[in-house]
Amino acid sequence: VAAVKSLPTPFHSRITPLLLDVTSDESLAAAYATVVAVASNGLALLINNAGVLDVGDNDVEDVYAVNFQGVLNTTTTFLPLLCTTTGIASTIINTSSSCGVRFLASLPSETQAQMLSATLTTSGLIELLAVLVYSTPDIYSLTKLGVNMYTLILSRKHNADRLRILAVSPGFTKTDMCKNYDG
């Protein structure tokens, strides 16, 4: 909310900041209702940027719920508004990490092929991740691989819907999440 106030005044009327818990159906429903109330022409941009690192108090389920399932939940919630935007193409930006790419490269070639298959579906991806989730100590990288693959699945599915779907890996960024990270 403070970041919006720091923008030049002409942008204030075009941005509605929302506090959102991507692991809560109630929070997502409230955010959806707010967006519907202010966005009469649909939604032009969704940025999935929530994330936690797998250190400290976060257990496997928490990291998976925020980093991967949160992207699915948020995108699924707002996809109808993104697909009905009038006059412009909408965009989904999923914040990922190069850790996801490195994790894919570390997997057996058969698993890599399954992940990269043009026929992989969201439910198939969830099944593959369920097999891997408890077999790796690097849950953060696994969830970012999931984000990358989900982005690819969505882009294939919606390539004719005037919907751009991207994953960005911004590199190491000094944030509260990483303040104690020494890697």
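Please refer to the structure placed before this passage.
Let me sum up the structure you'll find in this document.

About the cut-offs
- Residues numbered from 1 in each chain as written.
- Predicted model: local features only at pLDDT ≥ 70, side-chain atom pairs only at ≥ 80, totals over all residues.
- Heavy atoms only, no water.
- Phe/Tyr/Trp six-rings, centres within 6.5 Å; stacked < 30°, edge-to-face > 60°.
- Helix = DSSP H or I, 4+ residues; strand = E, 2+ residues; numbered from the N terminus.
- Buried < 20%, exposed > 50% of the residue type's maximum accessible area, 1.4 Å probe, protein only.
- Core = buried A, V, L, I, M, F, W, Y, C linked by side-chain atoms within 4.5 Å.
- Contact = heavy atoms within 4.5 Å.
- Axes fitted to C-alpha atoms, helices over the stretch in contact; angles between N-to-C directions.
- Parallel < 35°, antiparallel > 145°, perpendicular 65-115°, else oblique.
- Nonpolar A, V, L, I, M, F, W, Y, C, P; charged D, E, K, R; others polar.
- Pairing = 2+ DSSP bridges.
- Polar contact = N/O pair within 3.5 Å; in protein donor to acceptor, adjacent residues only side chain to side chain.
- Left-handed = near helix turned anticlockwise from the far one by under 90°.

Okay, the packing of aromatic side chains next. What describes a pair of aromatic rings is the distance from one ring centre to the other and the angle between the planes of the rings. The full count for this structure, using the stated rule, is two aromatic pairs. A ring pair is formed by tyrosine 32 and phenylalanine 78, whose centres lie 5.9 Å apart and whose planes are at 45 degrees; its orientation type is tilted. With tyrosine 32 in helix α2 (residues 25-38) and phenylalanine 78 in helix α3 (residues 60-83), the pair connects residues that are 46 residues apart, well separated along the chain. On the basis of relative accessibility, which here comes to 28%, the residue tyrosine 32 falls in the partly exposed class.

Okay, the nonpolar core next. Across soluble globular proteins, you tend to see nonpolar side chains buried next to one another. Phe78, Met115 and Leu125 are the most contacted members of the largest nonpolar core, which has 39 residues in total. Among the elements that make up this core, the one with the highest residue count is α3 (ten residues). Among residues more than four places away in sequence, those in contact with leucine 125 are Phe68, Met115, Leu120, Gly146, Met149, Tyr150 and Ile153.

What follows covers the packing of helix α4 (residues 98-106) against helix α7 (residues 139-157). Where α4 meets α7, the axes come as close as 7 Å, and the angle between the chain directions of the two elements is 95 degrees. As summarised for this structure, α4 and α7 are arranged roughly perpendicular, according to the angle between their axes. Of the residues in α7, those touching α4 at Cys99, Gly100, Val101, Phe103 and Leu104 are Tyr140, Ser141, Leu142, Lys144, Leu145, Asn148 and Met149. Grouping the constituent residues of the contact of α4 with α7 by class yields eight nonpolar, three polar and one charged.

The next point concerns the pairing of strand β2 (residues 90-95). Most of β2 is tucked away: five of the six residues are buried. Looking at chain direction, strand β1 (residues 45-48) and β2 are connected through four bridges and run parallel. Directly across from leucine 45, in β2, lies its bridge partner threonine 91.

Turning to the side chain of serine 97, a few remarks are in order. Among the secondary structure elements, serine 97 is positioned in the loop between β2 and α4. From its side chain, serine 97 meets the backbone nitrogen of cysteine 99 in a polar contact 3.0 Å long. Apart from the residues lying within four places of it in its own chain, the contact partners of serine 97 are Tyr140, Lys144, Asn148, Val168 and Ser169.

Moving on to the environment of leucine 154. With respect to the helices and strands, the residue leucine 154 is situated in helix α7. Owing to a relative accessible area of 4%, leucine 154 belongs among the buried residues under this scheme. For the pair leucine 154 and arginine 164, spaced ten residues apart in sequence, the C-alpha separation works out to 9.3 Å.

Turning next to the sheet that holds strand β3 (residues 163-168). The three strands are arranged β1-β2-β3 in an open sheet whose pairing can be described as parallel. Taken across any chain shown, the strands that pair with only one partner, and hence form the sheet edges, are β1 and β3. The average angle at which neighbouring strand axes cross in this sheet is 10 degrees, direction not considered. One ladder, built from six bridges, connects β2 with β3; its direction is parallel. Looking at β3, one finds that serine 90 is bridged to leucine 163. Packing against the sheet, α3 makes contact with β1, β2 and β3, and its axis sits at approximately 175 degrees to β1.

Below, the discussion takes up the packing of α2 against α3. The N-to-C vectors of α2 and α3 enclose an angle of 25 degrees; their axes lie 10 Å apart at closest approach. Relative to α3, α2 is oriented roughly parallel. The interaxial crossing formed by α2 with α3 has right-handed handedness. Mapping the contact onto sequence places Leu28, Ala31, Tyr32, Val35 and Val36 in α2 and Asn73, Thr74, Thr77, Phe78 and Leu81 in α3. Taken together, the residues that form the contact of α2 with α3 break down as seven nonpolar, three polar and no charged.

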